[in-house]
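Secondary and tertiary structure notes
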Amino acid sequence: MNELKGGSLLRRPGFVFYLLLAMMGSTDAAGEERHEDHEALRAMLRTVTEALNTRNVDALAPILYKEFSITTVDQKLFTDLPSFKSYFDGLFEGPNAPVQTIVFKPKADALTVFIDEKTGISHGTSEDTYTFTKGGTRVMKSRWSAAVYKDDGGWKALNIHM
């Protein structure tokens, strides 16, 4: 983590993880360098998207760096998975839950930009479908950004802002 502290690597409840999401890179393989890294990041995006769409926040644990941060569209900051899970579940459960379902569809704008061998930055868009508890469905577009870090040979989400 010391090598991260000196760097400055560090929107909508599309929550976070597309973000991560994002980190994964686009599907444009033309001239792609570091193909294996981009493929691993694409797989991470699929994992995050599936976890959020199935409300299985615990599935994010293996892809989050030990000292991660997630900032949501409503400016809430999360630095541990149980807090983020409680927040996310609160969108769907309880007497004041605003949302019945959300379907996330994140896409990266371009391939991840690698700062060095272990650090990358991604950004993109997501077109998400919200079905509200009080009725109605709405498709909302948002932007996200993410920083990823290669830890022990595997990519992890370090920071997600959505």
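Scroll up a little and you will see the structure.
Attention here is on the structure that accompanies the text. Predicted model only: the values in this text are computed from it and were never measured.

Now for helix α3 (residues 35-53). The end-to-end C-alpha distance of α3 is 27 Å, a good match for the 27 Å that 19 residues give at a rise of 1.5 Å each. Listing the buried residues of α3 in full gives D37, H38, L41, R42, M44, L45, V48, T49, A51 and L52. R55 occupies a position one or two residues after α3 and carries a positive phi of about 60 degrees.

Under the counting rule described, the total for this entry stands at 9 aromatic pairs. Ring plane angle 75 degrees and centroid distance 5.6 Å describe the contact between F78 and F84, whose orientation is recorded as edge-to-face. Taking relative accessible area as the criterion, F84 reaches 0% and is therefore assigned buried. Aromatic ring contacts, followed pair by pair, group F78, F84, Y87, F88, F92 and F104 into a single cluster. Stacked on the ring of F114, the Lys or Arg R34 has its end atom at 3.7 Å from the ring centre.

What counts as what
- Residues numbered from 1 in each chain as written.
- Predicted model: local features only at pLDDT ≥ 70, side-chain atom pairs only at ≥ 80, totals over all residues.
- Heavy atoms only, no water.
- Helix = DSSP H or I, 4+ residues; strand = E, 2+ residues; numbered from the N terminus.
- Expected span 1.5 Å × (residues − 1).
- Buried < 20%, exposed > 50% of the residue type's maximum accessible area, 1.4 Å probe, protein only.
- Phe/Tyr/Trp six-rings, centres within 6.5 Å; stacked < 30°, edge-to-face > 60°.
- Lys NZ or Arg CZ within 6 Å of the ring centre and 35° of its normal.

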